[in-house]
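What follows is the residue order along each chain.
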Amino acid sequence: MKHSQEVRVYYHDTDSYGVVWHGAYVKWLEIGRVELCEMLGLSLAEIESAVVDMHIRYKSSALMTDRLLVETSIKELKPMSVMFSHTIKNKDTQKVNIIAETTVVLLDKNGRLMKKMPENIYNAFLSAIEN
């Protein structure tokens, strides 16, 4: 299962040349993760999580006013973590701007790493892989 979210590049996302600043992509990766989780019925307001690993490969620059598609899916699921796969590309040209992977772990109410995800969360992520 893949979630696709449209985002628009605004002035604050760019440098003085109108090119997207590399750190702006991180915000859009989070949007992709949040929207995919909510599509699966998981509210991130109720789930405490932390990104523990992120890899981004920059392919081409996005520009001010571009409309981008953030495509997010689950690449790998383990009892303690979930790895998301992302592609951000230009909506009109389909030219890929970045490909990325982020690994997330869950934390308990005290901010400590959970050794095992709650079953309902694990099963929701598993269903996204199977579809």
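Residues numbered from 1 in each chain as written. Predicted model: local features only at pLDDT ≥ 70, side-chain atom pairs only at ≥ 80, totals over all residues. Heavy atoms only, no water.

So what about the pattern of salt bridges? Which residues, and what values?
Oppositely charged side chains may form a pair once their charged atoms are brought near each other. Summed over the entire model, instances satisfying the criterion amount to eight salt bridges. A salt bridge links glutamate 76 to lysine 78; its shortest N-O distance comes to 3.6 Å. In this structure lysine 78 comes out as partly exposed when scored by relative accessible area, which is 42%. Among the ionic pairs, aspartate 108 bridges to arginine 112, the shortest N-O distance being 3.5 Å. Classification of aspartate 108 as partly exposed rests on a relative accessible area of 22%. (Salt bridge = Lys/Arg side-chain N within 4 Å of Asp/Glu carboxyl O. Buried < 20%, exposed > 50% of the residue type's maximum accessible area, 1.4 Å probe, protein only.)

Requested: an account of the side chain of threonine 103, with residues and values cited.
Looking at the secondary structure, you find threonine 103 in strand β5 (residues 96-107). Not counting the four nearest positions on each side in its chain, threonine 103 is found in contact with Ala50, Val51, Val52, Asp53, Ser81, Val82 and Met83. (Helix = DSSP H or I, 4+ residues; strand = E, 2+ residues; numbered from the N terminus. Contact = heavy atoms within 4.5 Å.)

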